[in-house]
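Fold and geometry: a report
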Amino acid sequence: MATMITLPRSHFFMILSLIVLLPSACRCANPDPLQDLCVANLNASISVNGFPCKPLSEVKSDDFFFDGLRKEGNTTNVFGSKVTSAFVIDFPGLNTLGISMNRVDLAPGGINPPHSHPRASQIGVIIKGKVLVGFVTTANVFYSKVLKAGDVFVIPRGLVHFELNVGKGKALFLPAFNSQLPGIEILATTLFASTPPIPNDVLTKGFLIDAKDISDIRSKLGS
């Protein structure tokens, strides 16, 4: 059952600083806006690199406010984690602004499994718990550190990374991105639960495993 978590005041100021500084500290992954606002019209019939704007006459205050990150996510799944997004598809007021964020809840021992964001760099702050954060470069170098509440981390654009709860209780962190829609590729589900499935010969040769291993992984993923 979802519960309400009140974030310490100091963490709110830290998160606010991250959101304000992220776009100015690095080149946004999305084009610069050409007007004050462009609330996404998610129901538009045309397709563009992003979303077309709502007519200004249809824009409302609620387009610029989002309460979806208030509640604790349900972590009763194979990974023991839950990502709650605040991307443009959830929060239309972000359209053309080149920023977004989400909330990640981790059960004890839970992991936000190895994944990448092809369209954005990421900066995050640990709100609660003890989390091992790590990423691997294209030179196959692994960087990691165990972080606690108030610590901040950064993940360069497109690199594979993960967050593992190594504490005794629940963990929570809030990442922000320099894209309104950073995209995500979770390695396990991308490779072993795609539609249609990747041929077994590719996976057995690529990962040096046998067909039974593939079947076991797909079963655990519910594929």
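Quick summary incoming for the structure in this document. Predicted model only: the values in this text are computed from it and were never measured.

Rules behind the numbers
Residues numbered from 1 in each chain as written. Predicted model: local features only at pLDDT ≥ 70, side-chain atom pairs only at ≥ 80, totals over all residues. Heavy atoms only, no water. Helix = DSSP H or I, 4+ residues; strand = E, 2+ residues; numbered from the N terminus. Buried < 20%, exposed > 50% of the residue type's maximum accessible area, 1.4 Å probe, protein only. Core = buried A, V, L, I, M, F, W, Y, C linked by side-chain atoms within 4.5 Å. Contact = heavy atoms within 4.5 Å.

1. Section: the environment of Asn 43
- Mapped onto the elements of the fold, Asn 43 is located in the loop between helix H1 (9–25) and strand S1 (81–86).
- In this structure the C-alpha to C-alpha distance between Asn 43 and Lys 54, which are 11 residues apart in sequence, comes to 9.6 Å.

2. Structural notes on unusual backbone geometry
- Between Thr 195 and the following residue, Pro 196, the backbone shows a cis peptide bond with an omega angle of -5 degrees.
- Following the sequence through the fold, Pro 196 ends up in the loop between helix H2 (187–192) and helix H3 (200–207).
- One non-glycine residue, Leu 208, adopts positive backbone phi at about 55 degrees.
- For Leu 208, the position within the fold is in the loop between H3 and helix H4 (211–220).
- Residue Leu 208 is classed as exposed on the basis of its relative accessible area of 78%.

3. Let's talk about the nonpolar core
- Counting residues in hydrophobic clusters, the biggest one holds 12 residues: Val 104, Leu 106, Ile 126, Val 131, Val 133, Phe 135, Leu 147, Phe 153, Ile 155, Leu 159, Ala 171 and Phe 173.
- For this core, the secondary-structure elements that each account for two or more residues are strand S2 (100–106), strand S5 (130–136), strand S7 (152–155) and strand S9 (171–177).
- If you tally residues by element for this core, the top one is S5, at 3 residues.
- Discounting residues that sit within four places of it in the chain, Val 131 has contacts with Leu 106, Ile 126, Lys 145, Val 146, Leu 147, Glu 163, Leu 164, Val 166 and Ala 171.
- Among the nonpolar cores identified, the runner-up in size contains 9 residues, and Ala 86, Met 101, Leu 174 and Ala 176 belong to it.

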